[in-house]
Amino acid sequence: MNRVILALLLLFSFHHPYCQGIEEFISQGISNSYQIRLAKNELQIAEAAFSIYRVAARPTLNINGNIPAYNKDYSGIIQPDGTIKFLRRSQNYSNAGFSIAQPLPFTGGTLSLNTDLYRFDDLVAKNKQYNGTPAFLQLQQPLFAYNRFKWDKQIEPLKLQEAKLNLALQTNQFSYDVCRVFFDVLDAQSNRQLAAVNLDN
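Residues numbered from 1 in each chain as written. Predicted model: local features only at pLDDT ≥ 70, side-chain atom pairs only at ≥ 80, totals over all residues. Heavy atoms only, no water.

1. Side note on the overall build of the protein
- If you tally the helices and strands in the protein, you get four helices and four strands.
- Listed by position from the N terminus, the elements making up the protein come as α-α-α-β-β-β-β-α.
- Looking at the 201 residues of the protein, the share that counts as buried comes to 22%.
- Contacts in the protein between residues at least 24 apart in sequence constitute 59% of all its contacts with a sequence separation of at least 6.
- Summed over its atoms, the accessible surface of the protein is roughly 15,200 Å², and 61% of this surface lies on carbon and sulfur atoms. (Helix = DSSP H or I, 4+ residues; strand = E, 2+ residues; numbered from the N terminus. Buried < 20%, exposed > 50% of the residue type's maximum accessible area, 1.4 Å probe, protein only. Contact = heavy atoms within 4.5 Å. Areas by Shrake-Rupley, 256 points an atom, 1.4 Å probe, with all protein chains shown as cover.)

Below, the structure written as structure tokens:
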């Protein structure tokens, strides 16, 4: 009981040298503690995973397409008399498109608004053709599959909270251990001084 009262007096006496010593030991220990560094790293990982989860649930803008694909070959054409005549083909094909996709957390699918444009060049006939769709909706819905969005919504906040609590627990436990050892040393020094006085007496 006396040690508890002494500890409380020292902790609330901010200008007392003992209190300053404990604070210094705790600060140095927190900076060098393997357990606390590990807890901080786990918290950073949990925060990064939570940020990824939040970003994954937002709409995304996607651009797709391919660079002009040039093709040059000879195609065999069957003639009326049964012979084959090889005609040169020289073609160019390209396409591009945009989409805005929104994940659906309640189903695990993705709903997107898309647009695309295709271009075909016949370099032999020297003509161009275009084909495109101004806008169309597309739903991609897996069946009987794991709904990552549904479970991440429940799991990621809990993992982040667990990491925060673990860091607080490790810090408080380390502070408690430092205080305990600190006062054990003071108690041992006091007992040694008392024993020396008794021996002199």
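More follows now that the structure is in view.
2. Section: the packing of aromatic side chains
- A complete count under the given rule lists three aromatic pairs for this structure.
- Ring centres of F50 and Y53 lie 5.8 Å apart, and the angle between their planes is 50 degrees; this geometry places the pair in the tilted category. Pair noted here: F50 and Y53 are both in helix α3 (residues 34–56), with a separation of three residues, about one helical turn.
- When the ring centre of F149 is taken as reference, the NZ or CZ atom of R148 above it lies at 4.5 Å.
- Residue placement shows K150 over the ring face of W151; its charged tip is 5.9 Å from the ring centre. (Phe/Tyr/Trp six-rings, centres within 6.5 Å; stacked < 30°, edge-to-face > 60°. Lys NZ or Arg CZ within 6 Å of the ring centre and 35° of its normal.)

3. Observations regarding a nonpolar patch on the surface
- A cluster of nonpolar side chains, namely L61, I63, F98, I100, L111, L113, L137 and L139, defines an oily patch on the protein surface of about 850 Å² accessible area.
- Of all the secondary-structure elements, those providing two or more residues to the nonpolar patch are β1 (60–78), β2 (84–104), β3 (109–122) and β4 (127–140).
- Mapping L111 onto the fold places it in strand β3. (Patch = residues over 30% accessible without salt bridge, like charges linked within 9 Å, V, L, I, M, F, W, Y side chains within 5 Å. Salt bridge = Lys/Arg side-chain N within 4 Å of Asp/Glu carboxyl O.)

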